[in-house]
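# Observations on the model geometry
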Amino acid sequence: MSRIAILTHSLHTNYGGLLQAFALQHVLRDMGHDVKTVWHDGERKSGAREHFRWLQKLWLRHALRMPPELWRPGRSPFIRRHTDRFILKNIAVSKRIFLQDIAELKPEGFDAWIVGSDQVWSTSSPSCLRTMFLDFLDDAPNKKTRRLSYAASFGKETWTPGDETLRECAALAKKFDAISVRETSGVAICEKQLGVAAVQLPDPTLLLPA
């Protein structure tokens, strides 16, 4: 039995994201492993950045003429009453953290970290990319932590993280013991841009019986 940590997107109100997180953990636990999924709230943002994001959302809601009941501030807590209950009942999670503090979980001594599934390597959150390539892991001399991805997705058929980020992610990808991605385009991105071999595997929800 191995102790495994799963790193995926925030476990908030994305139903598809919750289902894939549940499925991957369920399969690994059925194989006899001790598994925890990292329960993070994304990045800790400054007040100025948070205000700017609020203005962006406000403009978008106005432009799309969304009715107030679809975006009023109280909607997310209402949904999270139910999604948080699902998480706590069905998914074994770590303590709740921000991504900047993920190194706090290293003392738990996981034998392996698995990134995925979902669009964990999308450039829509460029500042999170290095974390999603496990940049916070540093192996002890007497113990090597295995680094894996399961059905990770880049989100698009083309991947443009920027030259510096690409170099850093390529170096981190080469430290992985095995990489699997969700799309055929992801296999090509791994080979051509990251310089690593990858295989295509199905979303973990497809590993479970109906």
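Below or above, wherever it landed, is the structure these notes cover.

Definitions and limits used
- Residues numbered from 1 in each chain as written.
- Predicted model: local features only at pLDDT ≥ 70, side-chain atom pairs only at ≥ 80, totals over all residues.
- Heavy atoms only, no water.
- Pairing = 2+ DSSP bridges.
- Helix = DSSP H or I, 4+ residues; strand = E, 2+ residues; numbered from the N terminus.
- Right-handed = clockwise from strand over helix to strand, strands pointing away.
- Phe/Tyr/Trp six-rings, centres within 6.5 Å; stacked < 30°, edge-to-face > 60°.
- Lys NZ or Arg CZ within 6 Å of the ring centre and 35° of its normal.
- Contact = heavy atoms within 4.5 Å.
- Axes fitted to C-alpha atoms, helices over the stretch in contact; angles between N-to-C directions.
- Salt bridge = Lys/Arg side-chain N within 4 Å of Asp/Glu carboxyl O.
- Buried < 20%, exposed > 50% of the residue type's maximum accessible area, 1.4 Å probe, protein only.

## Concerning the pairing of strand β5 (residues 178-181)
As paired strands, strand β4 (residues 146-152) and β5 are joined by three bridges and run parallel to one another. The partner of Leu148 across the bridge, within β5, is Ala178. Crossover handedness for the path β4 to helix α5 (residues 163-173) to β5: right-handed. In this sheet, strand β6 (residues 199-200) lies alongside β5 in parallel orientation, the contact comprising two bridges. Counted as the bridge partner of Val181 is Gln200 from β6. In terms of handedness, the path from β5 via helix α6 (residues 184-194) over to β6 forms a crossover that is right-handed.

## Concerning the packing of aromatic side chains
Taken as a whole and assessed by the stated rule, the structure comprises nine aromatic pairs. Through a chain of ring-to-ring contacts, the aromatic side chains of Trp121, Phe133, Phe154, Trp159 and Phe176 assemble into a single cluster. Directly above the aromatic system of Trp39 lies the positively charged group of Arg96, at a separation of 4.4 Å from the ring centroid.

## Focus: the sheet that holds β5
With respect to topology, six strands assemble into an open sheet ordered β2-β1-β3-β4-β5-β6, the strand pairing being parallel. Edge positions in the sheet fall to β2 (34-37) and β6, since each of these pairs with one other strand and no more. The sheet contacts of helix α1 (residues 15-30) involve β1 (3-7), β2, β3 (112-115) and β4, and relative to β2 the element is tilted by about 165°.

## Details of unusual backbone geometry
Across the junction of Gly116 and Ser117, the peptide omega takes the value -5°, indicating a cis bond. Considering the arrangement of structural elements, one finds Ser117 in the loop between β3 and α4 (129-132). Even without glycine at this site, Leu134 takes up a positive phi of about 65°. Inspection of the secondary structure puts Leu134 in the loop between α4 and β4. Residues other than glycine seldom take positive phi values, yet Ala151 does so here, at roughly 50°.

## Focus: the pattern of salt bridges
Counted under the stated rule, the structure contains 10 salt bridges. The residue Glu108 makes a salt bridge to Arg3 at a minimum N-O spacing of 3.9 Å. Separated by 105 residues along the polypeptide, Glu108 in the loop between α3 (75-90) and β3 and Arg3 in strand β1 bring together distant segments of the chain. Note on Glu108: relative accessible area 28%, which makes it partly exposed. Judged by its relative accessible area of 23%, Arg3 falls in the partly exposed class. Of the charged contacts in the structure, one is a salt bridge between Lys106 and Asp138, with a shortest N-O distance of 2.8 Å. One end of the pair, Lys106, is in the loop between α3 and β3; the other, Asp138, is in the loop between α4 and β4, with 32 residues separating them in the sequence. On the accessibility criterion, Asp138 (55% relative accessible area) is exposed. Residues participating in the shared-partner salt-bridge network are Arg3, Asp34, Lys36 and Glu108.

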